[in-house]
Amino acid sequence: MSMLQTIADYFPFIPKARPKYVTESGNRVHGLIAEYATSAEAYHAAEQIRDAGYKKWDLHTPFPIHGIEEAMGIKKTILPYIVMKVGLGGAAFGFLLQYWITAIDFTGFTVQGKPYGAWEPFTMIVFELGVLHAAFASLIGMLMLNGLPRWNHPLFSSDRFLSASQGTLIIAIEANDPSFDPEATKELLEKTGGKEIEIIEDAD
Amino acid sequence: MSAMHPDQVTAERLAGLRPGAAGRDVDMGLGDGTLTEDPALESPLVLGDRTFDEVTDIVCGYAENPAPRWWFIAFSIASTIAGIGTLFILYMIITGVGTWGLNNQVDWAWDITNFVFWIGIGHAGTLISAILCLLKQKWRTAVNRSAEAMTIFAVICAGIFPGIHVGRIWFAWFLFPIPNYNWIWPNFRSPLLWDVFAVSTYATVSVLFWFMGMIPDLATLRDRADLRLRKGISKPFSLELPTGHHLVIDAITPDKIRAKVYGFFSLGWRFSSRHWHRYEAAYLILAGISTPLVLSVHSIVSFDFATSILPGWHTTIFPPYFVAGAVFGGFAMVLLLLIPLRAVMPNFKDLLTQRHIENMAKIILLTGMMVGFAYGMEFFIAWYGGNEYEVFAFTNNRAKPTWLFDDGAPYWWAYWAMISCNVISPQVFWFRKLRQNPLAVWVVAFFVTIGMWFERFVIIVTGLHRSFLPGEWGMFFPTWTDIGIFVGSIGIFTTLFLLFIKFLPTFAIAELKAVMPAADPHGPGHSDPNAAHDHDAEGGH
């Protein structure tokens, strides 16, 4: 069920889990957002929320804050391994492509009497195809690990959230976090210096 | 000026009519405040005591505000030239390569010169985004976006020339690893085929790099358009006509188009720190793999020449020499484009400071010296190697002026144009006053661009025009088609660049913010006692 839920946002026909909290209008509660004035405040707030045991929450900032991974407890991404594997695969493909064409399928070009399967002239294209595949892997891998592209999200319904792309720093805690409690979470956000706390509804 | 800031004071600040917030600008006594010679002081990267919101307003303003009049004039001229150039290309394709001045002796001329010229220019963008990123040069954030854009447009122009140079372009698919109807595959031992893979990989990776860098900034543009739509302050489409009237079309709301188009390409970016973490990892990986890539591309381009047996081409110094020349010519083009923009675009000077220009001038001086060293080394090896054909190629085909020697080189003027533009003109940057003067830097960049075109012309045409038998000697004269296509490629490049500065984020907004002192969560001067100087230097945010 939980696997299905992760992709339920993309496919409307997948039934969603019963919401833990609903607003008076009957919409599910996506979570709470709070605004922070400076990156130092947001950084320290992130440390406190991490220590309070929250898992499904995020800090939205117009620029990457240096060292925020530690403050939020984000694990190191596996992206480099994906890129390395795809890149090496691309390089191997480059070699096999050239070797098969030049030494196996079509031995029509005798160049200076050198062996058909000589690897030296293949190095350039092996390198280029390795880089090409690695580049695609890093962009597409980054997007897929991030769950992007995803053009619709409950957070976009908030005007305040949209200003996170300009100068505002926003912490969003999701309602389906096991530690989430409307009152206690709001108190925590207030205690850490969060201003303009707002409930985000998921109108679906 | 900006729809997001209706109040007069902010609007004037954003228009560059009013200085930064009172009393907080730090005057370091030199230039615009960024030219300090004290290595303990870190020059501010963004001037005018800007907040994050203001930086956003400035950069997004270029894409959101109505295009200024100079933009329309420049765009009309550039796109007309591009159109005429395209007609010349069409004429050449319909009629044949004979419309160029090529002959049996000089069978590569302006076409390949232009190809190498443009592909060389296309190196600065990736160099700035990749190598300077790995070297943690924060000042790159001011120029990387426009330099990457320039890279892609230059590679597009470069791609035209080998494409049409094959003559019968409907056989261009022979370049790809596909067997033809006689089951003949392309030859993987030919540097020309390596070149196909190198240039197309480079073009693709540059586009990916550019696009990935733009995702957050496109999301910023999307959110601003969306906010204006929600607040109901979006304006209908309006165009100022040359007569002074305004053409207003109520049915079109640009913000709706912006929200859709920027929204589509920003892929739903939410500025999440968890996303930023992977984004930064991906950026670093792309920088890491682009660094050897950018070095490989011009090396492979140089193999087109170096693996031949022609005197003047058959040299091992070519790969590093071509790479240094590409960086040299690429930075010159960046300066050539950005220095005029500093003058005409509001607040551009606060984001692209005099320090940035000085840094690029220093890179031009360095790479100019490297290129000069390579020119000298070619001569030395020609003499030291004891190959008389090689010596002849360098002295009698290139260097000796005909008015001084009876056996002089008919292309001596091209050679000396190259030397004076590439080796002599950057030497003015030894003087601090000149490398800190944007006009002087622009003039040198202009000369360097001309010199780098001549460098490729000298290599290609003087290498070919006199073969081993004097009976095969000939000259190359360009035709109108040669000239038209080259000038047309400049038009295509300029048109694309003008479209870029009007419709896309000209600066990497997110990266600019990340290097501003206020972005540091530990605050300037708090975590590191040695950074106390920075606190003063950066305006005490």
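Remember, it's a predicted structure, so these values are computed and weren't measured experimentally.

The rules behind these values
Residues numbered from 1 in each chain as written. Chains lettered and ligands numbered in written order. Predicted model: local features only at pLDDT ≥ 70, side-chain atom pairs only at ≥ 80, totals over all residues. Heavy atoms only, no water. Helix = DSSP H or I, 4+ residues; strand = E, 2+ residues; numbered from the N terminus. Rg over C-alpha atoms; globule rule 2.2 N^0.38 Å. Buried < 20%, exposed > 50% of the residue type's maximum accessible area, 1.4 Å probe, protein only. Areas by Shrake-Rupley, 256 points an atom, 1.4 Å probe, with all protein chains shown as cover. Lys, Arg positive; Asp, Glu negative; His and termini not counted. Charge placed at Lys NZ, Arg CZ, Asp CG, Glu CD. Contact = heavy atoms within 4.5 Å. Pairing = 2+ DSSP bridges. Axes fitted to C-alpha atoms, helices over the stretch in contact; angles between N-to-C directions. Buried area = accessible area lost by both parts, 1.4 Å probe. Salt bridge = Lys/Arg side-chain N within 4 Å of Asp/Glu carboxyl O. Parallel < 35°, antiparallel > 145°, perpendicular 65-115°, else oblique. Patch = residues over 30% accessible without salt bridge, like charges linked within 9 Å, V, L, I, M, F, W, Y side chains within 5 Å. pLDDT = per-residue confidence, 0-100. Phe/Tyr/Trp six-rings, centres within 6.5 Å; stacked < 30°, edge-to-face > 60°. Lys NZ or Arg CZ within 6 Å of the ring centre and 35° of its normal. Polar contact = N/O pair within 3.5 Å; in protein donor to acceptor, adjacent residues only side chain to side chain. Left-handed = near helix turned anticlockwise from the far one by under 90°. Nonpolar A, V, L, I, M, F, W, Y, C, P; charged D, E, K, R; others polar. Expected span 1.5 Å × (residues − 1).

## Considerations on the overall build of chain A
What chain A contains, in helices and strands, is seven helices and four strands. Its C-alpha atoms give chain A a radius of gyration of 25 Å, clearly above 17 Å, the size a compact globule of 204 residues would have. In terms of overall dimensions, chain A has a C-alpha envelope of 80 × 40 × 30 Å along the principal axes. Within chain A, the proportion of its 204 residues that are buried is 47%. On chain A, roughly 10,600 Å² of surface is accessible, and the fraction owed to carbon and sulfur atoms is 61%. Across chain A, the centroid of the 16 positively charged side chains sits 6 Å from that of the 24 negatively charged ones.

## Concerning the overall build of chain B
Along its length, chain B carries 19 helices and two strands. Out of the 541 residues in chain B, the part that is buried amounts to 58%. For chain B, the share of sequence-separated contacts (at least 6 apart) that also reach a separation of at least 24 residues comes to 77%. Total accessible area on chain B is roughly 22,300 Å²; 69% of this is exposed by carbon and sulfur atoms.

## So, the sheet that holds strand E3 (residues 169-174) of chain A
Hydrogen bonds between backbone groups are what pair the strands of a sheet, and the pairing can be parallel or antiparallel. Residue and element names in this part refer to chain A. Spatial strand order, E2-E3-E1-E4: four strands in an open sheet with antiparallel pairing. Looking at strand neighbours, the two that pair on one side only are strand E2 (57-60) and strand E4 (195-202), the edges of this open sheet. On average, each strand axis in the sheet is inclined to that of its neighbour by 20 degrees, with strand direction left out of account. Alignment of strand E1 (residues 28-36) against E4, held across six bridges, turns out to be antiparallel. Following the sheet pairing, Arg28 is matched in E4 by Asp202.

## Details of the interface of chain B and chain A
Each partner contributes residues to the interface: chain B has 65 residues there, and chain A has 71 residues. Of the roughly 6,100 Å² buried between chain B and chain A on both sides combined, carbon and sulfur atoms contribute 67%. Measuring nitrogen to oxygen at the nearest pair gives 2.7 Å for the salt bridge that ties B:Arg230 to A:Asp159. Elements supplying a minimum of two residues to the side of chain B that touches chain A: helix H2 (52-64), helix H7 (191-231), helix H8 (254-265), helix H9 (273-306) and helix H18 (509-514) of chain B. Among the elements that take part in the side of chain B that touches chain A, H7(B) stands out by supplying 19 residues, more than any other.

## Concerning the packing of H2(B) against H7(B)
Residues and elements named next belong to chain B. At their nearest, the axes of H2 and H7 sit 11 Å apart, and the two run at 80 degrees to each other. By the angle between their axes, H2 is roughly perpendicular relative to H7. Here Thr56, Asp57, Cys60, Ala63 and Glu64 of H2 come into contact with H7, specifically with Thr220, Leu221, Arg224 and Arg228.

## Examining a nonpolar patch on the surface
Residues A:Phe95, A:Leu96, A:Tyr99, A:Trp100, A:Ile104 and A:Trp119 make up a contiguous nonpolar surface patch of about 630 Å² in total accessible area. Here A:Ile104 lies in helix H4 (residues 79-105).

## Looking at the pattern of salt bridges
A full pass over the atoms with the stated rule returns 20 salt bridges over all chains. B:Arg274 is the partner of A:Asp58 in a salt bridge, and the nearest nitrogen-oxygen pair spans 4.0 Å. Of this pair, A:Asp58 sits in strand E2 while B:Arg274 sits in helix H9, which puts the two residues in different chains. Owing to a relative accessible area of 11%, A:Asp58 belongs among the buried residues under this scheme. In this structure, the salt-bridge partner of B:Asp223 is B:Arg222, at a minimum N-O distance of 2.8 Å. Sharing partners across several salt bridges, the network here consists of B:Asp57, B:Glu64, B:Arg224, B:Arg228, B:Asp255 and B:Arg258.

## Quick word on the confidence of the model for chain B
Residues and elements named next belong to chain B. Taken residue by residue, chain B gives an average pLDDT of 83. The fraction at 70 or more is 88%. This model gives residues 21-29 a pLDDT under 50, and the stretch forms 18 contacts once residues within four places in sequence are excluded. In the predicted complex, the global pTM is 0.86; the interface-specific ipTM is 0.89.

## Thoughts on the packing of aromatic side chains
Residue and element names in this part refer to chain B. Applying the stated criterion across every chain, the model contains 59 aromatic pairs over all chains. Put simply, the rings of Trp110, Phe117, Trp118, Tyr411, Trp413, Trp453, Phe454, Phe457, Phe486 and Phe493 touch in pairs and so form one group of aromatic residues. Across the ring face of Phe405, the terminal group of Lys400 is positioned such that the distance to the ring centre comes to 5.1 Å.

## Some points on the environment of A:Gly26
Residue and element names in this part refer to chain A. The topology assignment puts Gly26 in the loop between helix H1 (2-8) and E1. On the accessibility criterion, Gly26 (48% relative accessible area) is partly exposed. Once the C-alpha coordinates of Gly26 and Asp202 are considered, the two residues, 176 residues apart in sequence, prove to be 9.8 Å apart.

## Things to note about the side chain of A:Thr192
Residues and elements named next belong to chain A. Within the element layout of this structure, Thr192 appears in the loop between helix H7 (182-191) and E4. From its side chain, Thr192 meets the backbone oxygen of Leu189 in a polar contact 2.9 Å long. Beyond its immediate sequence surroundings of up to four residues, Thr192 is in contact with Tyr36, Ala45 and Gln48.

## Considering the pairing of strand E1 (residues 237-240) of chain B
Residue and element names in this part refer to chain B. Of the pairings in the sheet, the one linking E1 to strand E2 (residues 246-249) comprises four bridges and is antiparallel in character. Looking at the pairing, Ser238 lines up with Val248 of E2. Linking E1 to E2, which pair antiparallel, is a turn of five residues; within it Gly244 sits at a positive phi near 100 degrees.

## Digging into the packing of helix H6 (residues 144-165) of chain B against H7(B)
Residues and elements named next belong to chain B. Relative orientation of the contacting elements H6 and H7 amounts to 145 degrees, with a least axis distance of 10 Å. The way H6 lies across H7 gives a crossing that is left-handed. For the pair H6 and H7, contact is made by Arg145, Glu148, Ala149, Thr151, Ile152, Phe153 and Val155 and by Tyr202, Ala203, Ser206, Val207, Phe209, Trp210, Gly213, Met214 and Asp217, respectively. Class assignment for the residues of the contact of H6 with H7 results in ten nonpolar, three polar and three charged.

## A few points about the environment of A:Met124
Summarising the element assignment, A:Met124 is placed in helix H5 (residues 123-145). With 25 residues separating them in the primary sequence, A:Met124 and A:Tyr99 have C-alpha atoms 13 Å apart.

## Describing helix H16 (residues 438-464) of chain B
All names here are of chain B. Across its 27 residues, H16 extends 39 Å between first and last C-alpha, which sits within 8% of the 39 Å expected from 1.5 Å per residue. By the criterion of burial, H16 is predominantly enclosed, with 20 of the 27 residues buried. Where H16 begins, the capping side chain belongs to Asn437, and its oxygen is found 3.0 Å from the backbone nitrogen of Leu439.

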